[in-house]
Amino acid sequence: MVDQSELAWRLLSRRHGAQLCYTPMLHAQVFVRDANYRKENLYCDVCPEDRPLIVQFCANDPEVFVQAAVLAQDYCDAIDLNLGCPQMIAKRGHYGAFLQEEWDLLQRMIWLANEKLSVPITCKIRVFPDIDKTVKYAQMLEKAGCQLLTVHGRTKEQKGPLAGVASWEHIKAVRKAVSIPVFANGNIQSLRDVEECLQKTGVQGVMSAEGNLHNPALFEGQNPLVWEMAEEYLEIVQQYPCPLSYVRAHLFKLWHHPLQVYQQLRDELAKAKTLEGIADVSRELKLRCQEEITNQKEGEKPRGGLPFFHWICQPYIRPGPKEMCKENGSSGTEKSVRGKRSLEDEEDGHSDLSKNKQKKKLRNPSKSFDPSLKPKYAKCDQCGNPKGNKCVFNLCRGCCKKRAFKETADCPGHGLLFRTKYEKSLVWKSGQTQPQRLERTTADVVESAALKEVIDRAV
């Protein structure tokens, strides 16, 4: 889960029955080149309680993947190659589920990792529509050196409103065809689902993502009060801090059903800028729910088709396209299917804006997205990008830098001092104490290779 299984959430899940946790999906290339990324996402999160732990990477280059895994292996019990992410960012970056047709590449990645690492290499995959192809895919990964396989019973096209039901038949077929341990993923919303999945598929373990986000006590078989989980999570965050965006996202999941009732508090949660601000909104939601419980009539049943009252942790069943069309008051044949928060968006009056723009509008109500109101910038004479207002050549910074270097000229507007540094280099070279102003001539521009080298060093 990208940005959703940080240390604080893992510890909360472990307290309530989870026996094995994964880190958020980390980008192997960024992990290798950026020390801060490593520190923020793994090195600072060392905690004795947080084991066993699997670090998962997305990657599409065997060497880079292994370099990242080597840097991480001392902080975990296994390294996972994520081949299940179906999101658009994975398609653009060419990783996750969008590598499932490139079997030669995957074989090289897993084989090399298996050779170089001191911890096991595992994989998480999505299925193909065809069961036989899925089985061959799993067998290929096992042969390459994969030592544990997690199978999400959906194809890479099954996501968002098109998620549908995961196929346990695919998972069962894979389990029978390989000799390594297999974990099942998909349709896990309660402990009863866990038990049923184990029985029907024969797998050695069951993974939950969405279900766990809405009810961290899922593996305990409990449905606690939402504020109990929220308060416990916020206490852990105090001890093991994480980005505020992670905390807000978790609170949106935990309070999902109550926020459909108290939508004003939804806006306040979105606007909260501090951990204390988020905690204040959570406390207010708790008070509202407790007041509702006090005023509850005998025999009253949960509304909205929920199995429990909205203040109890329970799964969120993602509506399919038809249900969403009904919810939005549109026909089932319409191509544009809006997200699960469409009703709130309609009430905000900004239904024509993307969710990102709606958030910006929420923070700054006077903000306009009308293209005709955007400020007009003078264009660079060469490339068309906005030019610098104080540029002596009337160019953008990139074009200005090229021209100033070519002509050994200065541009104070862009902070480029090629001529000044060149003059200083001449003074240094000749041992003079006062620089002599040089007239710009052809001889100045075409200098010897040795002087150009001095310029490059000075620049």
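Higher on the page you've got the structure.
The structure reproduced in this document is the subject of the present report. (Residues numbered from 1 in each chain as written. Predicted model: local features only at pLDDT ≥ 70, side-chain atom pairs only at ≥ 80, totals over all residues. Heavy atoms only, no water.)

## Things to note about the overall build of the chain
Counting its regular elements, the chain contains 22 helices and 10 strands. Burial statistics for the chain: of 459 residues in total, 45% are counted as buried. A total accessible area of about 24,800 Å² is found for the chain, and carbon and sulfur atoms account for 51% of it. (Helix = DSSP H or I, 4+ residues; strand = E, 2+ residues; numbered from the N terminus. Buried < 20%, exposed > 50% of the residue type's maximum accessible area, 1.4 Å probe, protein only. Areas by Shrake-Rupley, 256 points an atom, 1.4 Å probe, with all protein chains shown as cover.)

## Things to note about a positive patch on the surface
Together, Lys273, Lys355, Lys357, Lys359, Lys360, Arg363, Lys367 and Lys374 give the surface a local cluster of positive charge. Within the secondary structure, Lys360 sits in helix α18 (residues 355-363). The exposure class of Lys360 is partly exposed, given its relative accessible area of 36%. (Patch = residues over 30% accessible without salt bridge, like charges linked within 9 Å, V, L, I, M, F, W, Y side chains within 5 Å. Salt bridge = Lys/Arg side-chain N within 4 Å of Asp/Glu carboxyl O. Lys, Arg positive; Asp, Glu negative; His and termini not counted. Charge placed at Lys NZ, Arg CZ, Asp CG, Glu CD.)

## Some points on the nonpolar core
Phe57, Ile79, Leu141 and Leu149 are the most contacted members of the largest nonpolar core, which has 53 residues in total. Here this core takes six residues from helix α6 (residues 103-116), the largest share from any one element. By size, the runner-up hydrophobic cluster in this structure holds 37 residues, among which are Leu213, Trp227, Leu265 and Cys313. (Core = buried A, V, L, I, M, F, W, Y, C linked by side-chain atoms within 4.5 Å.)

## Considerations on the side chain of Asp50
On the secondary structure map, Asp50 appears in the loop between α3 (35-41) and β3 (53-58). What makes Asp50 buried here is its relative accessible area of 1%. Here Arg10 takes part through its side chain, which lies 2.7 Å from a polar atom of the side chain of Asp50. At a separation of 3.0 Å, a polar atom in the side chain of Asp50 contacts the side chain of Arg14. (Polar contact = N/O pair within 3.5 Å; in protein donor to acceptor, adjacent residues only side chain to side chain.)

## A few points about the state of the cysteines
Evaluation of the coordinates by the stated rule reveals zero disulfides. Lacking any disulfide linkage, Cys380 is separated from the closest cysteine sulfur, that of Cys383, by 3.8 Å. (Disulfide = S-S within 2.5 Å.)

## Focus: the pairing of strand β4 (residues 78-83)
Burial within β4 is extensive, with six of its six residues counted as buried. Side chains Ala78, Asp80 and Asn82 of β4 all project onto a buried face; the interleaved residues Ile79, Leu81 and Leu83 project onto the opposite face, where all are buried too. One ladder, built from four bridges, connects β3 with β4; its direction is parallel. Within β4, the residue paired with Phe57 across the bridge is Leu81. Crossover connection from β3 via helix α4 (residues 62-72) to parallel β4: handedness right-handed. (Pairing = 2+ DSSP bridges. Right-handed = clockwise from strand over helix to strand, strands pointing away.)

## Focus: helix α9 (residues 191-201)
Of all the positions in α9, only Asp193, Val194, Cys197 and Thr201 are classed as buried. With its buried residues spanning 105° around the axis, α9 presents them on a single face. When the buried face of α9 is taken as reference, the exposed residues oriented beyond 90 degrees from it are Arg192 and Gln199. Buried-residue contacts for α9 involve α8 (168-177), β7 (182-185) and β8 (205-207). Just downstream of α9, Gly202 is the residue with a positive phi angle, here 75°. (Arc of directions from axis to C-beta. Contact = heavy atoms within 4.5 Å.)

## Brief notes about the packing of aromatic side chains
Taken as a whole, this structure holds 10 aromatic pairs when the rule is applied. Considering the side-chain rings of Trp103 and Tyr137, the 5.7 Å spacing of their centres and the 20° angle between planes classify their relative orientation as stacked. One end of the pair, Trp103, is in helix α6; the other, Tyr137, is in helix α7 (residues 131-144), and 34 residues separate them in sequence. Tyr137 gets classed as buried once you look at its relative accessible area, which sits at 0%. An aromatic cluster of at least three residues, connected via ring pairs, comprises Phe31, Tyr37, Tyr43, Phe57, Phe65 and Tyr75. (Phe/Tyr/Trp six-rings, centres within 6.5 Å; stacked < 30°, edge-to-face > 60°.)

## Quick notes on the pattern of salt bridges
If you walk through the whole model with that rule in mind, you get 15 salt bridges. The partner of Glu157 in a salt bridge is Lys156, and the shortest N-O contact between them spans 3.2 Å. Owing to a relative accessible area of 45%, Glu157 belongs among the partly exposed residues under this scheme. One salt bridge in this structure joins Glu292 and Arg303, with 3.1 Å as the shortest N-O distance. Linking Glu292 in helix α15 (residues 275-294) with Arg303 in the loop between α15 and α16 (321-327), this pair joins segments that are 11 residues apart in sequence. On the accessibility criterion, Glu292 (18% relative accessible area) is buried.

## A closer look at unusual backbone geometry
A cis amide bond links Arg51 with the next residue in sequence, Pro52, at an omega value of 0°. The residue Pro52 is located in the loop between α3 and β3 in this model. One non-glycine residue, His94, adopts positive backbone phi at about 60°. Residue classification places His94 among the partly exposed residues on the basis of a relative accessible area of 31%. A positive phi angle, near 60°, is found at Asn394, a position not held by glycine. Along the polypeptide, Asn394 turns up in the loop between α18 and α19 (397-407).

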